[in-house]
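# Close look at the chain arrangement
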Amino acid sequence: MRSELMPLSRQASWAFRSLPKMPRESVKVRNGRVREIIEGLRETYPDAHCELNYRNPLELLIATILSAQCTDKQVNIVTADLFAKYRSAEDFAAARVENLMDDVRRIGFFRNKAKNINSCCRVLVERHGGKVPRSMPELTALAGVGRKTANVVLGNAFGINIGVVVDTHVSRLTQRLGITREKTPEKIEQVLMKHVPQEHWTMWSHWLIWHGRRRCSARKALCDGCEIYDLCPRVGVK
């Protein structure tokens, strides 16, 4: 999962401004279109889920921290051994940072991530009894945890819809679907929270991520046969 989305580059920002204007539609009409998109994606991807491997909230938290600017596939390779070695927050907190670095060396930015995991788990042990907290403020107070990571944990580990996960797939497809022209994850999330029913906030991200990986990639949108073709203005698609 490409975590904590980075701001658009100057070149990308210029390209974004040159995209065709979205068709005008009222809030009511857009809400209705979003609900139709939800139905189309839910029918297409009935098994959509978080593709990071985990067995408990702690493992999901660690995996999501590692997933920043890294693929889920690579994270899953690393965590297969990592979670066999470290089974609790106490284990991660007691580990030497140098050893953690070696354990996650195959992950990008492994030094900072190892430090964050160690610091995060120390706080979990000291303030939360070794358990992952269930609130946005408590999660985002942990090292290496931003709003996106907190949303991943809350939605998938605890079934709590506090916000919407906005990664690169969600950002790209939300724009391509003509739901928003906002560029930052924070602003995109606020728009989605207005148009997507709250009970679908967690699954919305999974559906768009699955669609982005399997049908509507950044390099090529496979519009022929797309399950939501009639609902998509294809903003920026040549």
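Refer to the structure presented above.
Think of each chain on its own: its residues are numbered from 1, step by step along the sequence as written. Only residues with pLDDT of at least 70 get local features here, since the model is predicted, and only at 80 or more are side-chain atom pairs given and counted; chain-wide, interface and lining totals rely on the full set of residues. Only hydrogens and water are set aside; all other atoms, that is, all heavy atoms of the structure, feed into the side-chain values.

### Regarding the nonpolar core
Residues Leu61, Ile62, Leu82, Phe92, Cys121 and Leu124 are the most contacted members of the largest nonpolar core, which totals 42 residues. Only heavy atoms enter the contact rule, under which two residues are in contact if any of them lie within 4.5 Å. Leaving out residues up to four positions away in the same chain, isoleucine 62 has contacts with Leu82, Phe83, Phe92, Ile117 and Cys121. The term nonpolar core refers to a set of buried residues drawn from Ala, Val, Leu, Ile, Met, Phe, Trp, Tyr and Cys, joined through side-chain atoms within 4.5 Å. For each residue, the accessible area found with a 1.4 Å probe, counting protein chains only, is set against the maximum for its type, and the residue is called buried under 20%, exposed over 50%, and partly exposed in between. Residues Tyr45, Leu177, Cys226 and Cys232 belong to the second largest nonpolar core, which totals 27 residues.

### Section: the packing of aromatic side chains
Stacked, tilted and edge-to-face are the three classes applied to pairs of Phe, Tyr and Trp rings, where Trp contributes its six-membered ring and a pair requires centres within 6.5 Å; stacked means planes under 30 degrees apart, edge-to-face means over 60, and tilted covers the rest. Per the stated rule, a full pass over the model turns up two aromatic pairs. Pairing tyrosine 45 with tryptophan 210 gives two aromatic rings, centres 6.3 Å apart and planes at 65 degrees, and the pair type is edge-to-face. Here tyrosine 45, found in the loop between α2 (27-44) and α3 (57-66), pairs with tryptophan 210, found in helix α12 (residues 201-214); they are 165 residues apart in sequence, far enough to count as distant. Neither tyrosine 45 nor tryptophan 210 differs from the other in exposure class; each is buried. Pairing tyrosine 86 with phenylalanine 92 gives two aromatic rings, centres 4.9 Å apart and planes at 25 degrees, and the pair type is stacked. Of the two residues, tyrosine 86 and phenylalanine 92, both sit in the buried class. Note on conventions: DSSP H or I runs of at least 4 residues are helices, E runs of at least 2 residues are strands, and numbering of each starts at the N terminus.

### Observations concerning helix α4 (residues 72-85)
When the terminal C-alpha atoms of α4 are compared, their 20 Å separation across 14 residues agrees well with the 20 Å that a helix rising 1.5 Å per residue should span. For a residue, the bend is simply the angle between two axes, fitted respectively to the seven-residue segment ending there and the seven-residue segment starting there. The largest bend along α4 reaches roughly 35 degrees and is located at threonine 79. Looking only at α4, the buried set comprises Asp72, Gln74, Val75, Asn76, Val78, Thr79, Leu82 and Phe83. Along its buried surface, α4 packs onto α3, α5 (89-94), α6 (97-103) and α12. Given a helix with a known number of residues, its expected span is that number minus one, times 1.5 Å.

### Observations concerning empty space enclosed by the protein
Unfilled space is identified by rolling a water-sized probe across the atoms. Each cavity reported here is a set of points on a 1 Å grid over the protein atoms alone in which a 1.4 Å probe fits but cannot get out, each pocket an open set with protein on both sides within 12 Å along at least five of seven lines, and each lining residue one with an atom within 4 Å of a point. Grid points are joined across faces, edges and corners, and a volume is the space filled by probe spheres set on the points. As enumerated under the stated definition, the model contains three cavities of 30 Å³ or more in all. Its volume calculated, the largest cavity comes out at about 120 Å³. Residues are grouped as follows: Ala, Val, Leu, Ile, Met, Phe, Trp, Tyr, Cys and Pro are nonpolar; Asp, Glu, Lys and Arg are charged; every other residue, Gly included, is polar. Partitioned by chemical class, the residues of the lining of the largest cavity number eleven nonpolar, one polar and two charged.

### A look at the environment of serine 217
If you trace the backbone, serine 217 turns up in the segment after α12. Relative accessible area serves as the criterion here: at 27%, serine 217 is assigned to the partly exposed category. Taking C-alpha positions, serine 217 is 8.9 Å from leucine 173, a pair spaced 44 residues apart along the chain. In this structure, serine 217 is in contact with Arg172, Arg176 and Gly212, ignoring residues within four places of it in sequence.

### As for the environment of isoleucine 162
Within the secondary structure layout, isoleucine 162 lies in the loop between α9 (147-157) and α10 (168-176). Given a relative accessible area of 37%, isoleucine 162 falls into the partly exposed group. The residues contacting isoleucine 162, other than those within four sequence positions of it, are Met136, Arg147, Asn151, Leu154, Met193 and Trp201.

### Here's the deal with unusual backbone geometry
Even without a glycine there, the phi angle at glutamine 69 is positive, about 55 degrees. Assignment of secondary structure puts glutamine 69 in the loop between α3 and α4. If you check the backbone angles, phenylalanine 109 has positive phi at about 60 degrees while not being a glycine. For phenylalanine 109, the location among the structural elements is in the loop between α6 and α7 (110-128). Residue phenylalanine 109 is classed as exposed on the basis of its relative accessible area of 56%.

### Notes on α10
Spacing of three or four residues puts side chains on the same side of an α-helix, whose turn is 3.6 residues. The element α10 is largely enclosed, with a buried count of eight among its nine residues. If you check which residues of α10 are buried, you get His169, Val170, Ser171, Arg172, Leu173, Thr174, Gln175 and Arg176. Polar contact is the term for a pair of N or O atoms within 3.5 Å; when the atoms are in protein, one must be able to donate a hydrogen and the other to accept it, and sequence-neighboring residues count only if both atoms are side-chain atoms. Where α10 begins, the capping side chain belongs to aspartate 167, and its oxygen is found 3.1 Å from the backbone nitrogen of histidine 169. Taken from the residues just after α10, glycine 178 is the one with a positive phi, measuring 75 degrees.

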